[in-house]
Every structure is written in structure tokens, then in C-alpha cells.
Amino acid sequence: MSDPGLDPDAPPVEVRGLVNRFGDQVVHNGVDLTVERGEVLGVVGGSGTGKTVLLNSILGLHRPDAGEIRVFGRELSKLKARERAEVEERWGVLFQQGALFSALTVRENVAAPMAEHTTLPRALADGLAEMKIALVGLGPEALHRRPAELSGGMRKRVGLARALALDPDLLFLDEPTAGLDPIGAAAFDTLIRELATNLGLTVFMITHDLDSLYAVCDRVAVLADGKVVAVAPPHELEHSTHPWIREYFLGPRGRAAARAAGGTR
């Protein structure tokens, strides 16, 4: 969807000089990152590097100590409530555990953003929800089930369908394949890549899954030492001299993921 108040040429996400502290612990100390339009950007880093804190800062769920965050050219901290809502309607979020409403059916969960942000008639919202559910590979038999009746992989797909409910331009994914078996994770990777391509989405994806990085991501941003120390395609990061990047991408799992993706290692 488009909005005349937003800059159509601005990068979907720009982070400049981001600082996040928790007591004496400095998690981010000047993070700079630009997400380019139409790319799938993976974000990786060791434990404690603040991947989820970065995501929550962009989403406005955490207030940074310093820095600037722009989404579609708008600095979020300076927006009025209505202006911020207009920006938020252009993004969708899949949280790690799905964050589905346990008392609602699959169709009701997916239709919930439409009920909150639009004035669509209930029947039309239900029909659109069914289309989104089909888009993520679920059949009509899932429509009336509740989250407790679904497998982990199905819950992820329902969460993704809900994230797509308002036809966003920007999609945030927090560890989308966490908890899935290898076959389910590979299928979800394929789904993300196909949706990004077919819908023209920009995707910001936090993950620790090396297979996902090689299968899905155009570029990978690496958080370390309180900053983004590298942003490059996965195969280029194999040549980095940074100790953590070398250990991550050139370890046994990294080499296996690169080979599976058609790499040379």
C-alpha cells in the first residue's frame, strides 16, 4: 500500500547511531543500518548482541537511549499517534512464538488486523483472511481451528498470514524457523523467499539459522561489539577477517550450509 505522506524513495528502514543500555550493560553503541527496498536482510549475532532489542527498537516496543530510526523516511520518535499508525499499517510482524490469540480461530486471528485498522465489512474481512491463509500454504480445514490445535509449523504460517493481512510493504520476522524440524524449516524458507519475490516485500529477518541465511537472504547484517560490523551477501561474509564472523560462517555448520546453497566451501 502507498501513502502520500511517506517518502516513496526512502529506504524502508534506516538506523543511525543507535544506543541501547540496560544498567551498566551497553548492548548497542552506535548501530548504523540501512535496509534497502525489496531486499531480504538477515540479522545475526552472538548471544547478547541485541538482535531482538534492535527489532523492538525499530518497532517502537523499546525506547533507545540515543540514535535515530526512520521507517519509510519518517523518524518514528517524532510522529504523532495518527502518523505513527499510518506507518505501522505498512509493516507486518511475525514474532518468534507467533503471538496468536488463543481464543480465536485461525480465520479470526488473521482477520484481526483488518478489524482493528479498517472499516471492512465482516464478510469481506473473512474472505480476505481466507485468501491470506491460502497464500501461506494452509488449506480450508485450518480456518476454524484454534492455535492449540495446530502444529508449530502451522502456527508459524498463521502468524505469517496475519502479518500479511494489511498488504504490508515491509515484513519483520523474528527467528521464523526456530523450533521447526529441518524439513519444516526448509519449507518455510522457500515460502518466505517466494512471498518476498511475488509480493515485492522488503524483509527484515532475525535468525540464527545458517540454512535460512543462504536460502533466503540477499544480504546479512552482523551485530558484534555493540555495532553492525558487516553487511554483505552470505558468501562474501565467508571471507571476513572478523573473528566471530569467521567462526560462524566457516565452522562445520556454516560450510555445510554454504555447500547446500551451491557455495564453493
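(A) The arrangement of the overall build of the protein in detail. Check the secondary structure of the protein and you find 10 helices and 10 strands. The C-alpha atoms of the protein give 19 Å as radius of gyration, which agrees with the globular expectation for 265 residues (18 Å, within 12%). Expressed as lengths along the three principal axes of its C-alpha atoms, the size of the protein is roughly 55 × 45 × 35 Å. Considering the protein as a whole, with its 265 residues, one finds that 51% of them fall into the buried category. Pairs at least 24 apart in sequence give 66% of the contacts found in the protein among residues at least 6 apart.

(B) Inspection of the nonpolar core at higher detail. If you look at the biggest cluster of nonpolar residues, it comprises 50 residues, and the most contacted ones within it are L160 and F249. Among the elements that make up this core, the one with the highest residue count is helix α6 (residues 182-199) (six residues). Not counting residues up to four positions away in its chain, the partners in contact with F249 are L210, L213, Y214, V220, P234, L237, E238, G254 and R255. Among the nonpolar cores identified, the runner-up in size contains 27 residues, and V15, L33, V43 and L76 belong to it.

(C) Focus on the packing of helix α9 (residues 243-250) against helix α10 (residues 252-260). Taken N-terminus to C-terminus, the directions of α9 and α10 make an angle of 60°; their axes are 4 Å apart at the nearest point. Accordingly, the angle class assigned to the pair α9 and α10 is oblique. Residues Y248, F249 and L250 of α9 lie in contact with α10, whose contacting residues are P252, G254 and R255. Taken together, the residues of the contact of α9 with α10 break down into four nonpolar, one polar and one charged.

(D) Region of interest: the layout of surface pockets. Roughly 580 Å³ of internal volume is contained in the largest pocket. Where the lining of the largest pocket is concerned, the elements lending two or more residues are β6 (91-94), α3 (106-117) and α5 (152-163). It is α3 that provides the largest number of residues to the lining of the largest pocket, a total of four residues. For the lining of the largest pocket, a count of residues per class yields 13 nonpolar, three polar and three charged.

(E) Structural view of the sheet that holds strand β10 (residues 227-232). In space, the six strands of this open sheet follow the order β6-β7-β8-β3-β9-β10, with mixed pairing throughout. Single-partner strands in this sheet number two, and they are β6 and β10. Mean inter-strand twist for the sheet, computed between neighbouring axes without regard to direction, equals 15°. Across four bridges, the pairing between β6 and strand β7 (residues 170-174) is parallel. For W91, the partnering residue across the bridge sits in β7 and is L170. Against the sheet, helix α1 (residues 51-59) contacts β3 (40-45), β6, β7, β8 (202-206) and β9 (219-224), and its axis sits at roughly 140° relative to β8.

(F) Region of interest: the environment of P168. Mapped onto the elements, P168 comes out in the loop between α5 and β7. In this structure, P168 is in contact with R90, W91, G92, A163 and L201, ignoring residues within four places of it in sequence.

(G) Main features of unusual backbone geometry. The phi angle at D167 is positive, at roughly 55°, despite the residue not being glycine. Within the fold, D167 resides in the loop between α5 and β7. The backbone of E175 sits at a positive phi, close to 50°, despite the residue not being glycine. With respect to the element layout, E175 can be found in the loop between β7 and α6. When its relative accessible area of 10% is taken as the criterion, E175 is described as buried.

(H) Just α10, in detail. Buried residues of α10: G254, A257 and A258, and no others. Axial view of α10: buried residues confined to an arc of 100°, hence all on one face. Counted as exposed and oriented over 90 degrees from the buried face of α10: P252, R253 and A260. The inward-facing, buried residues of α10 abut α7 (210-216), α8 (234-237) and α9. G262, located one to two residues past α10, shows a positive phi value of around 95°.

(I) Summary view of the sheet that holds strand β4 (residues 66-71). What the four strands build is an open sheet, ordered β2-β1-β4-β5; its pairing is antiparallel. Both outer strands of the open sheet, β2 (25-35) and β5 (74-75), are each paired with one neighbouring strand and no more. Where strand β1 (residues 13-22) and β2 come together, eight bridges link them in antiparallel fashion. Residue pairing across strands places N20 opposite H28, the latter belonging to β2. Together, β1, β2 and β4 form the strand contacts of α1, whose direction differs from that of β1 by roughly 120°.

How each quantity is defined
Residues numbered from 1 in each chain as written. Predicted model: local features only at pLDDT ≥ 70, side-chain atom pairs only at ≥ 80, totals over all residues. Heavy atoms only, no water. Helix = DSSP H or I, 4+ residues; strand = E, 2+ residues; numbered from the N terminus. Rg over C-alpha atoms; globule rule 2.2 N^0.38 Å. Buried < 20%, exposed > 50% of the residue type's maximum accessible area, 1.4 Å probe, protein only. Contact = heavy atoms within 4.5 Å. Core = buried A, V, L, I, M, F, W, Y, C linked by side-chain atoms within 4.5 Å. Axes fitted to C-alpha atoms, helices over the stretch in contact; angles between N-to-C directions. Parallel < 35°, antiparallel > 145°, perpendicular 65-115°, else oblique. Nonpolar A, V, L, I, M, F, W, Y, C, P; charged D, E, K, R; others polar. 1 Å grid on protein atoms, 1.4 Å probe; cavity = no way out; pocket = protein on both sides within 12 Å on 5 of 7 lines; lining within 4 Å. Points joined across faces, edges and corners; volume = space filled by probe spheres on them. Pairing = 2+ DSSP bridges. Arc of directions from axis to C-beta.

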